[in-house]
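Spelled out from the first residue to the last, the chains are:
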Amino acid sequence: MSFYKTIRILDDRYLLDMVESTTTWEIEALVNQKKIDEKGFLKLLSPAGSRSLEKMAQKSRKESLNHFGKAILLYSPIYISNYCVNRCIYCNFNHENNIDRKILDKEEIRKEGEAVRETGVQHILILTGESRTHTPVSYIEDALDVLVPIFSSVVLEVYPLKEDEYRRLIKAGADGVTIYQETYDETVYDKVHLAGPKKDYAFRLDAPERSLKAGARTISLGVLLGLADWRLDLFKLGLHAKYLSDRYPDAEIGLSLPRIKKIGTSETARVDYQSVSDRDFVQMMCALRLFLPFCTINISTRESSDFREKLIPIGINKMSGGVSTEVGGYATNKNGCNQFEISDHSSVEDVMAMIEKAGYQPIMKDWMTL
Ligand code: SF4
């Protein structure tokens, strides 16, 4: 059964009732357990979990040290095109937005890669909007041809592909795939994706499994916090990661928790989002670590430098640094048309210093594609 079929049978009302009825005593018992099952994970996301956050954070720190030690990997995203046919209400690259559209040619991609490589970063993500006309699979293949020789690991954060297309790009040197479902709430998903192929919830939801079937080494999943009920979204994100790890035990599974940021004009700015506090954020991070101690957790520059620093000892594995979300932004130093608002503008050097100050070790490479 695909993951799409698996989560369709869940009853949200039943899940929320279970969350509401969880007691602090149950949380304390869960924190002392060696293994947490799906039901325990849901309970850790409850208001009672929030009241026992200190204990959850201590266990999360312990589990993180046991599984990963004190190493934190740095990476940078490289945007190579912002052409997009979708109308996602939360994104500045929304097709309806009147922004400066750009696509990098091979030489510009090389310059962008070299500018990032000069910072010392060796793991990158390459990003495009969704436009099979402007950025077909052959274009992404060309980008890999340029970037794979420069970096230790190149991960794709592009539109969802068919299995044979993933296979083609993995053959061209892609190490893994990042694809966020944004929200697992199918009704909200339909409302926030106004038009374009991204409206196909099921095709996106099963993209991580297609990439793993095609041979991806890593897969990163995430939800855009603020679109829907965070407890339900987090629970389903955890189930998705568990579903994949049970079937693809050799894959490295990563989790991201980007909080939504308002940006841009037109559709993008008109939306009211649900608030997700720093305390909620820490609770979800701890719950994920206790349920899936072997999964990596990534914190992007959507979060402030101060907050990222505080999260390090709780269990961060990957952090971005010196980030530009502008197409060609590293080589040109321009920063006018970003996909979303960045909160932490620290350079790679500053992020490394922050990690060291927290008593951890910044690393630039934990894998090399041969
Ligand atoms: S989130 Fe992605 S698919 Fe949606 S508008 Fe932005 S770039 Fe396009």
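Structural notes, computed from the coordinates. Keep in mind it's a predicted model, so treat the numbers as computed, not measured. (Residues numbered from 1 in each chain as written. Predicted model: local features only at pLDDT ≥ 70, side-chain atom pairs only at ≥ 80, totals over all residues. Heavy atoms only, no water.)

## What to know about the site of the ligand
Logical step 1: Within the structure, the ligand sits among Cys84, Asn86, Cys88, Tyr90, Cys91, Phe93, Asn94, Gly129, Lys198 and Gln339.
Logical step 2: Grouping the constituent residues of the shell around the ligand by class yields five nonpolar, four polar and one charged. (Near = heavy atom within 4 Å. Nonpolar A, V, L, I, M, F, W, Y, C, P; charged D, E, K, R; others polar.)

## Here we look at the side chain of arginine 308
Logical step 1: For arginine 308, the position within the fold is in helix α16 (residues 305-315).
Logical step 2: Take arginine 308: its relative accessible area is 0%, and that puts it in the buried class.
Logical step 3: Filtering out sequence-adjacent residues up to four positions away, arginine 308 remains in contact with Ile299, Ser300, Thr301, Glu303, Met319, Ser320, Asp344, Val351 and Met354. (Helix = DSSP H or I, 4+ residues; strand = E, 2+ residues; numbered from the N terminus. Buried < 20%, exposed > 50% of the residue type's maximum accessible area, 1.4 Å probe, protein only. Contact = heavy atoms within 4.5 Å.)

## Details of the packing of helix α2 (residues 12-21) against helix α13 (residues 230-247)
Logical step 1: Two elements in contact, α2 and α13, have axes separated by 11 Å at closest approach and are oriented at 105°. By the criterion of interaxial angle, the relationship of α2 to α13 is roughly perpendicular. Here Asp12, Leu15, Leu16 and Val19 of α2 lie close against α13, whose contacting residues are Arg231, Leu232, Phe235 and Lys236.
Logical step 2: Partitioned by chemical class, the residues of the contact of α2 with α13 number five nonpolar, no polar and three charged. (Axes fitted to C-alpha atoms, helices over the stretch in contact; angles between N-to-C directions. Parallel < 35°, antiparallel > 145°, perpendicular 65-115°, else oblique.)

## Considerations on helix α6 (residues 53-68)
Logical step 1: Taking 1.5 Å as the rise per residue, α6 with 16 residues should run 22 Å; its terminal C-alpha atoms sit 22 Å apart, in good agreement.
Logical step 2: Those residues of α6 not exposed but buried are Leu53, Met56, Ala57, Lys59, Ser60, Glu63 and Ser64. The arc enclosing the buried residues of α6, seen along the axis, measures out at 165°, which places them on a common side. Those residues of α6 that are exposed and angled more than 90 degrees off the buried face are Glu54, Lys62 and Asn66. (Expected span 1.5 Å × (residues − 1). Arc of directions from axis to C-beta.)

## Overview of helix α7 (residues 106-117)
Logical step 1: Taking 1.5 Å of rise per residue, twelve residues should cover 16 Å, and α7 covers 16 Å from first to last C-alpha, within 8% of that figure.
Logical step 2: Those residues of α7 not exposed but buried are Ile109, Glu112, Gly113 and Val116. Down the axis of α7, the sector holding all buried residues measures 100°, keeping them to one side.
Logical step 3: Between the side-chain oxygen at the start of α7 and the backbone nitrogen of glutamate 107 there is a gap of 3.1 Å, and the oxygen is on aspartate 105. (Polar contact = N/O pair within 3.5 Å; in protein donor to acceptor, adjacent residues only side chain to side chain.)

## Considerations on unusual backbone geometry
Logical step 1: In this structure, glutamate 182 is a non-glycine residue whose phi angle is positive, near 75°.
Logical step 2: Mapped onto the fold, glutamate 182 is located in the loop between β4 (176-178) and α10 (186-192).

## Some remarks on empty space enclosed by the protein
Logical step 1: Tallied over the full model, the rule gives three cavities of 30 Å³ or more.
Logical step 2: Considered as a void within the structure, the second largest cavity measures approximately 70 Å³ in volume.
Logical step 3: Along the wall of the second largest cavity there are 15 residues; nearest its centre are Ser64, Gly69, Gly315, Ile316 and Tyr360.
Logical step 4: Residue assignment for the lining of the second largest cavity shows that the elements contributing at least two residues are α6, β1 (71-79) and α16.
Logical step 5: By residue number, the principal contributor to the lining of the second largest cavity is α6, which donates four residues.
Logical step 6: For the lining of the second largest cavity, the class distribution of residues is eight nonpolar, four polar and three charged. (1 Å grid on protein atoms, 1.4 Å probe; cavity = no way out; pocket = protein on both sides within 12 Å on 5 of 7 lines; lining within 4 Å. Points joined across faces, edges and corners; volume = space filled by probe spheres on them.)

## Re the pattern of salt bridges
Logical step 1: This model, assessed by the stated rule, comprises 21 salt bridges.
Logical step 2: In this structure, the salt-bridge partner of lysine 106 is aspartate 145, at a minimum N-O distance of 3.0 Å. Here lysine 106, found in helix α7, pairs with aspartate 145, found in helix α8 (residues 137-147); they are 39 residues apart in sequence, far enough to count as distant.
Logical step 3: With relative accessibility at 36%, the residue lysine 106 sits in the partly exposed group.
Logical step 4: Its relative accessible area of 49% is what places aspartate 145 among the partly exposed residues.
Logical step 5: The closest approach of N and O atoms between arginine 110 and glutamate 107, which form a salt bridge, is 3.4 Å. With arginine 110 and glutamate 107 both in helix α7 and three residues apart, this pair spans about one turn of that helix. (Salt bridge = Lys/Arg side-chain N within 4 Å of Asp/Glu carboxyl O.)

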